[in-house]
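The primary structure of each chain is shown beneath.
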Amino acid sequence: YIIGVNFWTQIMPRFFLNNKMAAKAVFALGVAGLYAGQIWEGGTGFGHGMPFGWIYSKEPNSGKTEAMLALNSMLGFNSRSPWAGDCTKSAMFERFWQQTDLTVCVDDVVVSFFVL
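Residues numbered from 1 in each chain as written. Predicted model: local features only at pLDDT ≥ 70, side-chain atom pairs only at ≥ 80, totals over all residues. Heavy atoms only, no water.

J.: Residue-level account of the nonpolar core, with values.
T.: Within the largest apolar cluster, 13 residues are counted, with the highest numbers of intra-cluster contacts made by Phe7, Met12, Phe16, Ala23, Val26, Ala67 and Leu71. Only helix 1 (2–16), helix 2 (20–33) and helix 4 (64–74) provide two or more residues apiece to this core. Ignoring anything within four residues of it in the chain, the contact list for Met12 reads Phe7, Leu17, Lys20, Ala23, Lys24 and Phe27. (Core = buried A, V, L, I, M, F, W, Y, C linked by side-chain atoms within 4.5 Å. Buried < 20%, exposed > 50% of the residue type's maximum accessible area, 1.4 Å probe, protein only. Helix = DSSP H or I, 4+ residues; strand = E, 2+ residues; numbered from the N terminus. Contact = heavy atoms within 4.5 Å.)

Structure follows, in structure tokens:
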């Protein structure tokens, strides 16, 4: 608890500067992911389903990857980098299965458009 409070109140504001609220939102989404099973069962009062977060900025170096690395560290995956957004769907679903009820961080999502 003390480490978490120190991280939230001291380290995040100094590291993320003007993007500290966005970084805190990423971290809060990860904490919500720890309760995904209860949220899916409707035990929260705000319906069924886990919140989905898309951390987006068209500006480079805004701290998105660093916020996801901090989230991974909190979840115990400090040596695991965020998942690559251009990986195959089967690899992505394998990661989802491995991290059941934990937030999966996907960095640099590649959006493809199909023309029919």
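Still more ground to cover, so stick around.
J.: Can you break down the packing of helix 1 against helix 2 residue by residue, with the values?
T.: Two elements in contact, helix 1 and helix 2, have axes whose closest approach is 9 Å; the angle formed by their N-to-C orientations is 130°. Classed by the angle they form, the pair helix 1 and helix 2 counts as oblique. Seen along the crossing, helix 1 lies across helix 2 with a hand that is right-handed. Only Lys20, Ala23, Lys24 and Phe27 of helix 2 make contact with helix 1, whose side of the interface consists of Phe7, Trp8, Met12, Pro13 and Phe16. Class assignment of the residues belonging to the contact of helix 1 with helix 2 gives a composition of seven nonpolar, no polar and two charged. (Axes fitted to C-alpha atoms, helices over the stretch in contact; angles between N-to-C directions. Parallel < 35°, antiparallel > 145°, perpendicular 65-115°, else oblique. Left-handed = near helix turned anticlockwise from the far one by under 90°. Nonpolar A, V, L, I, M, F, W, Y, C, P; charged D, E, K, R; others polar.)

J.: Give a description of helix 2 that names residues and reports values.
T.: The terminal C-alpha atoms of helix 2 lie 20 Å apart, and with 14 residues this matches the ideal 20 Å at 1.5 Å per residue to within 8%. Ala23, Lys24, Val26, Phe27, Leu29, Gly30 and Gly33 are the residues of helix 2 that are buried. In this structure, the buried residues of helix 2 make contact with helix 1, helix 3 (36–40) and helix 4. (Expected span 1.5 Å × (residues − 1).)

J.: Describe in detail the packing of helix 2 against helix 4, supporting the description with residues and values.
T.: The contact between helix 2 and helix 4 brings their axes to 9 Å, and the two run at 30°. Considered as vectors, helix 2 and helix 4 are oriented roughly parallel to each other. Crossing geometry of helix 2 relative to helix 4 is assigned as right-handed. Contacts between helix 2 and helix 4 involve Ala23, Val26, Phe27, Gly30 and Val31 from the former and Ala67, Met68, Ala70, Leu71 and Met74 from the latter. A per-class count over the contact of helix 2 with helix 4 returns nine nonpolar, one polar and no charged.

Take it as geometry only, folks, not as evidence of what the structure does.
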